[in-house]
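A structural walkthrough
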Amino acid sequence: MTTTQEAVTAAERCTPEFRRDPHAVYAHLRTAAPVCPMRPPHGNDTYLITRYDDARAALSDPRLSKDMYGAMDAYRRIFGDSSVALDDNMLNSDAPKHTRLRRLVNSAFTPRRVEALRPRVEEIVQSLLDACPTREPFDLLPGFAFPLPIIVICDLLGVPPEDRSRMQHLSTTVAQTGFGEEAKRAQQQAEGDLHAYFTELIGAKRDQPGDDLLSALIAVRDNDDGLTESELVSTAFLLMFAGHKTTAYLIGNAVHHLLSHPAQLRAVRENPELVRAAVEELVRYDGSVESATFRYATEDVEYSGTLIPKGALVQIAISSANRDPQKFDRPDELDVMRPGNAQDAHLGFGHGSHYCLGAPLARMETQLALTRLFDRFPGMALADPAAGPRWLEVPFPAFRGLAELPVVLDPAG
Ligand code: HEM
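Residues numbered from 1 in each chain as written. Predicted model: local features only at pLDDT ≥ 70, side-chain atom pairs only at ≥ 80, totals over all residues. Heavy atoms only, no water.

Along the backbone of the protein there are 17 helices and eleven strands. Here the protein holds 413 residues, and the buried ones make up 54% of them. Summarising the internal contacts of the protein: among those between residues at least 6 apart in sequence, 75% fall at separations of at least 24. Here the protein displays about 17,400 Å² of accessible surface, and carbon together with sulfur accounts for 52% of that area. (Helix = DSSP H or I, 4+ residues; strand = E, 2+ residues; numbered from the N terminus. Buried < 20%, exposed > 50% of the residue type's maximum accessible area, 1.4 Å probe, protein only. Contact = heavy atoms within 4.5 Å. Areas by Shrake-Rupley, 256 points an atom, 1.4 Å probe, with all protein chains shown as cover.)

Below you can see the structure in the form of structure tokens.
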């Protein structure tokens, strides 16, 4: 059984030391406390799962619910009252509602539909790279990694270009909420603004439909078994939010790790076909989603000998599962030629019915971003390798990403 001495606090997982190397802490927890009680500020009823087998099972365990409305008591104990105006979507629901909401959006994200977007993504990548300054320090996150997925998802949804930076700014406020009153107020304000924005945009598209996903969803909504207005607004928000931050942080992590592992980068450059496997390995090694979204126990459940009582919240540490030596040989090594690291070996895109809907799009964007970046700037390097990376510090780590990525882009090899 796990002892309370092994409990980690939410705050501990946000310290700069932890952010710098969460993998060392997770390695300890996998052995000493694989299902570890956590102490968030509002109580002690959250459990952190760190082993691969437990994580994979928990991600598809029907006793661990994703129904936000069912979890509201537990949720309020931890976060206090918060708005759920944008949460009425597939990520916060169980079957059969989840099945219905996911089915309505699914057809836009099949590998075939995503492949059809490739020329447009290629064009965006090239035009962003055209605008990057060379031979001087340049932060690749705001200059390339963020604009790429935000442009792609806004185009797909039908969000006008002039609103992209507002979307990015409001999403950042929603994601970086803390436990303090001020942070909570800022989050609620941003959620309210996003709700108002999408309500208005949906109204405009109802009057004048475009050739975009939001207009297609409105057409379904206006049929009988379509989305309710609240589901429509929340789904638009989910796609916009999940569709850019995760991909932007993955591109940043991937570039940082490839530049820090020259032999791995050389292997990918010498064999461009390897980029697909490389992206899977980079998702495994240091993917951008550190923890899955909360689940809550609808009955007592047991994992690795630890009882998770009914009503408790559960966090699944994907980053830890992906470094579990019981599953992966030499888990702490980045190896783009790792045998058998197929798309479904790592848990970087989740597992089970909530498996990432946007995975084909995220893969395509990241593969193209890396290929074109390293083709165009063979002499690219970290601006100050000795400085070490600066990781994001966010409460309740869900994202694993860099706060900045200063590089020098050099077109000469
Ligand atoms: C590198 C980029 C990405 C990563 C690492 C990632 C990761 C994940 C993970 C781990 C989950 C499961 C969460 C859980 O079970 O708690 C998830 C779900 C989801 N992702 Fe992604 N994601 C990425 C990009 C995208 C993109 C580009 C989109 C949309 C365009 C997207 C849309 C979604 C949606 C809608 C869900 C909820 C699916 C459901 O509840 O059935 N994601 N993602």
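This is not the end of the story, as more comes after the structure.
Let us now look at the nonpolar core. Leu140, Phe198, Val255 and Met380 are the most contacted members of the largest nonpolar core, which totals 92 residues. It is helix α13 (residues 229-260) that contributes the most residues to this core, 16 residues altogether. Tyr47, Ala292, Ile308 and Ile316 belong to the second largest nonpolar core, which has 21 residues in total. (Core = buried A, V, L, I, M, F, W, Y, C linked by side-chain atoms within 4.5 Å.)

Side chains bearing opposite charge may pair, as long as their charged atoms lie close to each other. For the structure shown, the criterion picks out 21 salt bridges. Linked by salt bridges that have partners in common, Arg120, Glu123, Asp155 and Arg164 make up one network. (Salt bridge = Lys/Arg side-chain N within 4 Å of Asp/Glu carboxyl O.)

Among the 29 residues in the neighbourhood of the ligand, the closest are listed as His98, Arg102, Thr293, His354 and Cys356. The side chain of His98 places a nitrogen or oxygen atom 2.7 Å from an oxygen atom of the ligand. Residue Arg102 places a side-chain N or O atom 2.8 Å away from an oxygen atom belonging to the ligand. Mapped by element, the contributors of at least two residues to the shell around the ligand are α5 (97-106), α13 and α17 (359-376). With six residues, α13 is the single largest residue contributor to the shell around the ligand. Of the residues assigned to the shell around the ligand, the class counts are 15 nonpolar, eleven polar and three charged. (Near = heavy atom within 4 Å. Polar contact = N/O pair within 3.5 Å; in protein donor to acceptor, adjacent residues only side chain to side chain. Nonpolar A, V, L, I, M, F, W, Y, C, P; charged D, E, K, R; others polar.)

Our focus in this paragraph is the packing of helix α15 (residues 275-286) against α17. Closest axis-to-axis distance for the α15/α17 pair is 10 Å, and the angle between their directions is 110°. By the angle between their axes, α15 is roughly perpendicular relative to α17. Crossing handedness for the pair α15 and α17: right-handed. Contact with α15, carried on its side by Val275, Arg276, Val279, Glu280 and Leu282, involves Arg363, Thr366, Gln367, Leu370 and Thr371 of α17 and no other residues of that element. (Axes fitted to C-alpha atoms, helices over the stretch in contact; angles between N-to-C directions. Parallel < 35°, antiparallel > 145°, perpendicular 65-115°, else oblique. Left-handed = near helix turned anticlockwise from the far one by under 90°.)

Attention now moves to the sheet that holds strand β5 (residues 137-139). Here we have three strands laid out as an open sheet, ordered β5-β11-β10, and antiparallel in their pairing. Among the strands making up the open sheet, the edge pair consists of β5 and β10 (381-382). (Pairing = 2+ DSSP bridges.)

Along the polypeptide, Ser171 turns up in helix α10 (residues 164-175). Those residues in contact with Ser171, other than ones at most four positions away along the chain, are Met240, Phe241, His244 and Lys245.

Along any regular strand, the residues point their side chains to alternate faces of the sheet. Side chains of strand β9 (residues 313-316) alternate between two faces, with Leu313 and Gln315 and Val314 and Ile316 buried alike. Bridge analysis of strand β3 (residues 46-49) against β9 gives four bridges, and the strand direction is parallel. Considered in β9, the bridge of Leu48 is made with Gln315. One ladder, built from two bridges, connects strand β6 (residues 295-297) with β9; its direction is antiparallel. Note on β9: the bridge partner recorded for Tyr296 is Leu313.

As a further point, take the environment of Asp61. Tracing the backbone through its elements, the reader meets Asp61 in the loop between α3 (52-59) and β4 (64-65). Judged by relative accessible area, Asp61 falls into the buried class, the value being 9%. A C-alpha to C-alpha distance of 9.6 Å links Asp61 and Ala297, two positions 236 residues apart in sequence. Within the local environment of Asp61, its side chain forms a polar contact with the side chain of Tyr303, the two groups lying 2.7 Å apart.

We now examine the layout of surface pockets. As a volume, the largest pocket reaches approximately 300 Å³. Surrounding the largest pocket, 14 residues form its lining, Ala108, Arg113, Leu156, Asp212 and Leu213 being those nearest its centre. Those elements giving two or more residues to the lining of the largest pocket turn out to be α9 (147-157) and α12 (213-221). The dominant element in the lining of the largest pocket, judged by the number of residues it contributes, is α12, at four residues. Here the residues of the lining of the largest pocket are counted per class, giving nine nonpolar, one polar and four charged. (1 Å grid on protein atoms, 1.4 Å probe; cavity = no way out; pocket = protein on both sides within 12 Å on 5 of 7 lines; lining within 4 Å. Points joined across faces, edges and corners; volume = space filled by probe spheres on them.)

Let's shift gears to the confidence of the model for the protein. Overall, the prediction assigns the protein a mean pLDDT of 88, with 87% of residues at 70 or greater. Low pLDDT, under 50, characterises residues 1-5; the predicted model gives this stretch nine contacts beyond four residues in sequence or across chains. (pLDDT = per-residue confidence, 0-100.)

Each pair of aromatic rings is reported with the distance of its centres and the angle of its planes. This structure, assessed with the given rule, holds seven aromatic pairs. With a centroid separation of 6.1 Å and an interplanar angle of 45°, the aromatic rings of Phe241 and Phe399 are classed as tilted. In this pair, Phe241 sits in helix α13 while Phe399 sits in the loop between β10 and β11 (406-408), placing the two residues 158 residues apart along the sequence. Measuring from centroid to centroid gives 5.8 Å for Tyr249 and Phe399, while their planes differ by 45°, and the two rings are tilted. You can see Tyr249 sitting in helix α13 and its partner Phe399 sitting in the loop between β10 and β11, a full 150 residues away along the chain. Phe399 shares its class with Tyr249; the two are buried. An aromatic cluster is present here, built from Phe146, Phe237, Phe241, Tyr249 and Phe399 joined pairwise through their rings. The side chain of Arg284 reaches across the aromatic face of Phe328, ending 5.2 Å from its centre. Here the basic side chain of Arg323 rests over the ring of Tyr285, its NZ or CZ set 4.2 Å away from the ring centre. (Phe/Tyr/Trp six-rings, centres within 6.5 Å; stacked < 30°, edge-to-face > 60°. Lys NZ or Arg CZ within 6 Å of the ring centre and 35° of its normal.)

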